[in-house]
Structures are given as structure tokens and as C-alpha cells.
Amino acid sequence: MMRPIIEMKNVVKSFGHFKALHGVDLQVKEGEIVVVIGPSGSGKSTLIRCINQLEEHNGGEIIVDGAEVGHGRKSTVLTEVGMVFQSFNLFPHMTVLRNVALGPVRVRGLSWAAAEDRAERLLARVGLGDQATKYPAQLSGGQQQRVGIARALAMEPKVLLFDEPTSALDPEMVGEVLDVMQQLAKTGVTMVVVTHEMGFARKVADRVVFMDGGRIVEEGPPDVIFNAPRDPRLRSFLQAVLSH
Amino acid sequence: MATNVEALSVMSIFDTFLNWKVFVQTLPLLLSGLTTTLTLGVTAIILGFIGGLVLALLRLYASSPLRQIAVAYIDIFRSIPILVLLVVIYYALPFVGLRLSSFGAAASALSLVSAAYSAEIFRAGIEAVPKGQFEAARALGLSPWRLMSDVVLPQALRIVIPPITSNSINVMKDTALASVVAMPDLLKQATQAQALAANPTPLISAAVIYILILMPLVRLVGVFEKRLAVRGR
Ligand SMILES: Nc1ncnc2c1ncn2[C@@H]1O[C@H](COP(=O)(O)OP(=O)(O)O)[C@@H](O)[C@H]1O
Ligand SMILES: [Mg+2]
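Would you take a moment to explain the pairing of strand β3 (residues 33-37) of chain A for this structure?
Residues in a regular strand point their side chains to alternate faces of the sheet. Residue and element names in this part refer to chain A. Burial analysis of β3 places five of its five residues in the buried class, which makes it a mostly covered element. Taking every second residue as pointing to the same face, both faces of β3 are buried, with Ile33, Val35 and Ile37 on one and Val34 and Val36 on the other. Two elements, β3 and strand β8 (residues 190-194), share four bridges in a ladder whose sense is parallel. The residue bridging Val35 from the neighbouring strand is Val193, located in β8. Pairing analysis gives four bridges linking β3 to strand β9 (residues 207-212), with the strands arranged parallel. In the strand pairing of β9, Val34 is matched with Arg207.

And the structure:
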């Protein structure tokens, strides 16, 4: 029996008077790959940013790995959640190696030597073994995002969140990042991925979640979502994204 | 005839304002004044830097009473003329039992004011670090302290180098106010030497020394600004 590693129950998030999430329920099981799709402004980023508390939810419950998060709770469980950002957000004043080693040293208490060892292994795994001494600005977008993935992995998280990891990339670099993510999906780590890459969703997702207007409108296995969508909003969304 | 008179008056201008003998005689006095000025300036710059950083962090991240205190401090010490503050510290505080040396009074006044200006510079620097940097640090699980020391401050300090240098120039210039409380700084020693020699050459020398010390810093700020403008394009 796979236990849920993320449980969201009736989660509400407002920005001032504007409700970005209208009571969302979502469960993610350990090792599951969930892809979140939906039009711009539908609340996808808000949803995953609530999971690691970059946004604090106003209502409902979020339980990560058995521990409730948010509402002022100081919980170490969030160090089990890694995040990869659309705009990479690498630390520009550190080498690539330092970027990846920093978290393990400061949060996990590893020595620099041990953390840099780990960082080198992870950089090799994302195909950047020879770039460790460079600074982020010296890398292409695709390379930077792979460093972003290595940085998140260095914490050995149980859950990885991706917020449109390929949306800021030139088209020719999207593939290299998706390849790394696809490899990652086979390792048993839990992934929640917001993306517009429908090919990735079809191939890699265990489950696809469609959001619209701050609600989860439909969810299911990829072949059902893509081949037999029920909700008219999902149908028109798929028509729009798959037609170009 | 006319050219003779002109030659004479040029000579006398030199004798009066750039008298070599007076210059050589009073130079030791001026140099001791310069040492005091530099000590005072560097002390105030360092204390102002540290105080400014602490104030900026309090203003940005402290909770209610402390934050309000920081805001009030910054506003008050940016409003008060340094000369007034200096006179208050030196002449008024003794009435409540706090008697500072002229150096102590001058260093306090300059540091207190410099800290207020530095605080606003640091705040702007921290706010100029992209939001994504804070988020990436938090997502990694860094503590608030590590987020600042490892991620935000190194980037903010780079941003504030030009305005902090500008502020340091101002502090250095304002050290001259200390002569009012009888501190033997460069200006005070120059006026002293002028009285002794009955000749204004020491004053001119002091002015030139101020310029020689500060002009490189002024140029440096220019270089920083040009470099920023190029990068910003
Ligand atoms: N910090 C914020 N302040 C105000 N409104 C926000 C903020 N973040 C998101 N929103 C609003 O919440 C809605 C959902 O945003 P988001 O989760 O980013 O959508 P998506 O990622 O699906 O494009 C949007 O209407 C957006 O304008
Ligand atoms: Mg988004």
C-alpha cells in the first residue's frame, strides 16, 4: 500500500480579495508522478507553492509526509520537498558546484568536502560534470535548469516540485531538461510537475490534473485525460494547446 | 613700470597663499591633523556601515516595536544637521553626566548619521535582489540567517558599492565639522597653523590635501556608475 506523501484538503489561498485556490483537494502517493496542466492564471503555481509554503494557504489542510504544514508551524518536513523554478533562480555569485553543495552543508550539516562530492556526482548525472567550476551566467538556459534540478536533488528530497521548468527555455533546450526529468521519474522520487509539455505529460505522468479558475476540474491517467476528456473546459484547453 | 608692479603683485600672492617656507614649517602639524581626520573618518565609516546594516535588517524584517524604532531612528538621524548633533553631543550631554572627548563626540555624531543613510542604502540593495533568490533559498530550507548571509547579502553588497562609497566620501568631508568641538583634525590644525604663521598657506594646503584624498574616491564612484550603466543596457 502506497501511502500519500502529500495530502491537500479543501485548500484555500487568497491574495487580498482575490481567491486563487477555491478549496482544492489533492493526494499524491509516494513515488507518483503528477502533472498539473491548465490555462495561465488557473492557480497551478499557487497550488505547488502552497505545498512547500512559498505561499501560505488561508484555509484547509496540507499534510506533507505525515506532518501538517503552514499557519505558522515551523516544520522540518519541508526540507524533504525540493523545487525547480521556471526562471532557475540559481545563485549567481556562486559556482555551479557551490550552488548544488550549499543546501546539504547548511541544512543537512554535511562537510563541504562531502557536499561537493555529492554535487559532482549529481552534476555528472544531469550531464554537467565538466561545468562545475563555472558561474551560472556562463551556462545556457538548458544547462542552468539542469543545475537547478541537481541543486534540488542534492537535498535528497522525497518530493520534487517543478513549476514550468522548460517555459523560459529556447525550444532547442527543452528536450535536454525533459530528458533529465524523465530519467528522474524512474528513480522512485515523487514528482509534481506543472508544465505545458503535453508530450511529457502523456509519456511520464501517472496522473494528470487539470486546473481552471483555482479549482481542480478533472484528473485521471494521461490516456483518459488526453483521449477521453469529459469537462468542456479541459476539451477546449487541450484543443488550444495541441493545435499548435 | 606696469610689468614690474604686476610681477610684484604675483610674487606677493605667492608669498601670501603659497608660501613655501610656511608650508614646510606647518606641514608636520597638518599631517598630524590628517591622521586624526582619517582615523575619525574611517571609524565613522565602519561604525556607520555596521549600524546601517543592522538598522536595514531591523527595518525590513523585525517585528513591530523594533521595526518602528528602526524607522524612527533612520528618519530622525537623516533630518538632523550633523553640526547640530555634534554640538548637542559635545555641549549638552555633559549636563546629563555623559562627557565625551572631542574625538568621541565627533565619531558618535558622524557614525549615528552615517548609519541612518547607510541603512536606506542597504535596504534598497536588499530589495533589489530578485524575489526568486529568496524563494530558492527558502525552498532549499536555508534558515533566515543563512538566507541573508549566504544568498541575499553577498548580492546586495555588490549592488550598494557605489552608493556606500558616495556616503563614505560625505562622511570624510563631514569630519571637518569636528574642528568646531576643538578636535585637532586637518582643518583645525590648518587654522591653528595659519594663526601661528600669520599666513593662509596652511589653509590652502589643507584644502589641497582634502581634494587629493577624496578625488580618487569621487572618480571611483564615477567608474562604478559607468560600469553599471554599461551592464544595465
Ligand atoms: N502574489 C500574488 N499576488 C496577487 N495575485 C496573485 C499572486 N500570485 C498569483 N496571483 C493570482 O492568482 C491567480 C493564479 O496564479 P498562478 O497560480 O500563478 O497561476 P498559473 O501558475 O496557473 O498561471 C492569478 O490570477 C494570479 O494573478
Ligand atoms: Mg505559473
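Structure's up, so let's keep going.
Could you clarify how one ought to interpret the packing of aromatic side chains in this entry?
By convention here, two paired aromatic rings are described through the distance between centres and the angle between planes. Residue and element names in this part refer to chain A. As enumerated under the stated definition, the model contains five aromatic pairs over all chains in all. Where Phe210 meets Phe237, the ring centres are 5.4 Å apart and the plane angle is 40 degrees; that geometry is what we call tilted. Within this pair, whereas Phe210 is found in strand β9, its partner Phe237 is found in helix α8 (residues 232-242), the two being separated by 27 residues in sequence. Each member of the pair, Phe210 together with Phe237, is buried. Sitting over the face of the ring of Trp112, Arg98 holds its NZ or CZ atom 3.7 Å from the ring centroid.

Before we go on, may I ask you to explain the packing of helix α4 (residues 82-92) of chain B against helix α5 (residues 102-127) of chain B in this structure?
Axis angle and axis distance: for two packed helices, these are the angle between their axes and the distance between the axes, and together they describe the pair. All names here are of chain B. Closest axis-to-axis distance for the α4/α5 pair is 9 Å, and the angle between their directions is 140 degrees. Compared by their axis directions, α4 and α5 come out oblique. Considering the relative orientation of α4 and α5, their crossing is right-handed. Across the interface between the two elements, Ile82, Leu85, Leu86, Ile89 and Tyr90 from α4 touch Ser102, Ala105, Ala106, Ser108, Ala109, Leu110, Leu112 and Val113 from α5. Looking at the contact of α4 with α5 residue by residue, the class counts come to 11 nonpolar, two polar and no charged.

Honestly, the pairing of strand β10 (residues 215-220) of chain A in this entry has me stumped. Any pointers?
Residue and element names in this part refer to chain A. The sheet contact formed by β9 and β10 spans five bridges and is antiparallel. Residue pairing for β10: Val209 is matched across the bridge by Glu219. Taking the residues that link successive antiparallel strands as the turn, the β9-β10 hairpin has two residues, and the phi of Gly213 there is positive, at about 55 degrees.

Explain helix α7 (residues 144-174) of chain B here, please?
Because each turn of an α-helix spans 3.6 residues, side chains separated by three or four positions end up pointing in the same direction. With 31 residues, α7 of chain B extends only 36 Å from end C-alpha to end C-alpha; this falls clearly short of the ideal 45 Å at 1.5 Å per step. The largest bend in α7 of chain B amounts to roughly 55 degrees and is located at Ile161 of chain B, with the proline Pro162 of chain B lying one to four residues further along.

Any chance you could explain the environment of Tyr61 of chain B here in plain terms?
Residues and elements named next belong to chain B. With respect to the helices, strands and loops of the structure, Tyr61 is situated in helix α2 (residues 20-61). Look at Tyr61 and you get partly exposed, because its relative accessible area is 45%. In contact with Tyr61, other than residues within four places in its own chain, are Ile126, Phe134 and Met148.

Looking at this model, I keep getting lost on the site of ligand 1. Mind explaining?
Residues and elements named next belong to chain A. Every residue near ligand 1 is listed here: Phe15, Phe18, Ala20, Pro39, Ser40, Gly41, Ser42, Gly43, Lys44, Ser45 and Thr46. Note that an oxygen atom of ligand 1 is positioned 2.8 Å from one of the side-chain N or O atoms of Lys44. Separating an oxygen atom of ligand 1 from a side-chain N or O atom of Ser45 is a distance of 2.7 Å. Taken by itself ligand 1 offers 560 Å² of open surface, and the protein chains cover 61% of this. Mapped by element, the contributors of at least two residues to the shell around ligand 1 are β2 (18-29) and α1 (44-51). Looking at the shell around ligand 1 residue by residue, the classes come out as four nonpolar, six polar and one charged.

I would appreciate a short explanation of the sheet that holds strand β5 (residues 67-68) of chain A in the present structure.
Strand pairing within a sheet occurs via backbone hydrogen bonds; the two strands may be parallel or antiparallel. Residues and elements named next belong to chain A. Taken in spatial order, the four strands make up an open sheet running β2-β1-β4-β5, and their pairing is antiparallel. Looking along the sheet, the strands with just one partner apiece sit at the ends: β2 and β5. Inspection of the sheet shows strand β4 (residues 59-64) paired to β5 by two bridges, in the antiparallel sense. Bridge assignment links Ile63 to a residue of β5, and that residue is Glu68. Here α1 sits on the sheet in contact with β1 (4-15), β2 and β4, set at roughly 120 degrees to β1.

Sorry, what's going on with the sheet that holds β9 of chain A here?
All names here are of chain A. Taken in spatial order, the six strands line up as β6-β7-β8-β3-β9-β10 in an open sheet, and their pairing is mixed. In this open sheet, the two edge strands, each paired with only one partner strand, are β6 (81-84) and β10. Adjacent strand axes in the sheet meet at a mean angle of 20 degrees when their direction is disregarded. On the sheet, α8 packs against β3, β9 and β10 and is oriented at approximately 100 degrees with respect to β9.

Is there a simple way to think about the interface of chain B and chain A in this case?
When the parts of a complex come together, some accessible area is lost, and that lost area is often taken as the interface size. Contacts between the two partners involve 16 residues from chain B, matched on the other side by 20 residues from chain A. Across the interface of chain B and chain A, roughly 1,500 Å² is buried in total on both sides, 60% from carbon and sulfur atoms. It is Glu135, Ala139 and Leu140 of chain B that lose the most area in chain B upon contact with chain A, and together they represent 36% of the buried surface on that side. For the interface between chain B and chain A, the tally reads two salt bridges. Measuring nitrogen to oxygen at the nearest pair gives 2.5 Å for the salt bridge that ties Asp150 of chain B to Arg106 of chain A.

Explain a nonpolar patch on the surface to me, please; I cannot follow it from the model alone.
All names here are of chain B. Together, Val10, Ile13, Phe14, Phe17, Leu18, Ile204, Val208 and Leu212 give the surface a local cluster of nonpolar side chains, amounting to about 730 Å² of exposed area. Of all the secondary-structure elements, those providing two or more residues to the nonpolar patch are α1 (2-17) and α9 (201-232). Of all the elements, α1 adds the most residues to the nonpolar patch, at four residues. As for its placement among the helices and strands, Phe17 is situated in helix α1. Owing to a relative accessible area of 40%, Phe17 belongs among the partly exposed residues under this scheme.

For this particular structure, what's the right way to read the packing of α2 of chain B against helix α3 (residues 64-79) of chain B?
Residue and element names in this part refer to chain B. Direction vectors running N to C along α2 and α3 enclose 130 degrees, while the axes themselves pass 8 Å from each other. By the angle class used here, α2 and α3 are oblique. Judged by the twist between their axes, the crossing of α2 over α3 is left-handed. Of the residues in α3, those in contact with Leu55, Leu58, Arg59 and Leu60 of α2 are Leu66, Arg67, Ala70, Val71, Tyr73 and Ile74. Its residues assigned to classes, the contact of α2 with α3 comprises eight nonpolar, no polar and two charged.

Reading guide: rules and limits
Residues numbered from 1 in each chain as written. Chains lettered and ligands numbered in written order. Predicted model: local features only at pLDDT ≥ 70, side-chain atom pairs only at ≥ 80, totals over all residues. Heavy atoms only, no water. Buried < 20%, exposed > 50% of the residue type's maximum accessible area, 1.4 Å probe, protein only. Helix = DSSP H or I, 4+ residues; strand = E, 2+ residues; numbered from the N terminus. Pairing = 2+ DSSP bridges. Phe/Tyr/Trp six-rings, centres within 6.5 Å; stacked < 30°, edge-to-face > 60°. Lys NZ or Arg CZ within 6 Å of the ring centre and 35° of its normal. Axes fitted to C-alpha atoms, helices over the stretch in contact; angles between N-to-C directions. Parallel < 35°, antiparallel > 145°, perpendicular 65-115°, else oblique. Left-handed = near helix turned anticlockwise from the far one by under 90°. Contact = heavy atoms within 4.5 Å. Nonpolar A, V, L, I, M, F, W, Y, C, P; charged D, E, K, R; others polar. Expected span 1.5 Å × (residues − 1). Bend = angle between axes of the 7 residues up to and from the residue. Near = heavy atom within 4 Å. Polar contact = N/O pair within 3.5 Å; in protein donor to acceptor, adjacent residues only side chain to side chain. Areas by Shrake-Rupley, 256 points an atom, 1.4 Å probe, with all protein chains shown as cover. Buried area = accessible area lost by both parts, 1.4 Å probe. Salt bridge = Lys/Arg side-chain N within 4 Å of Asp/Glu carboxyl O. Patch = residues over 30% accessible without salt bridge, like charges linked within 9 Å, V, L, I, M, F, W, Y side chains within 5 Å.

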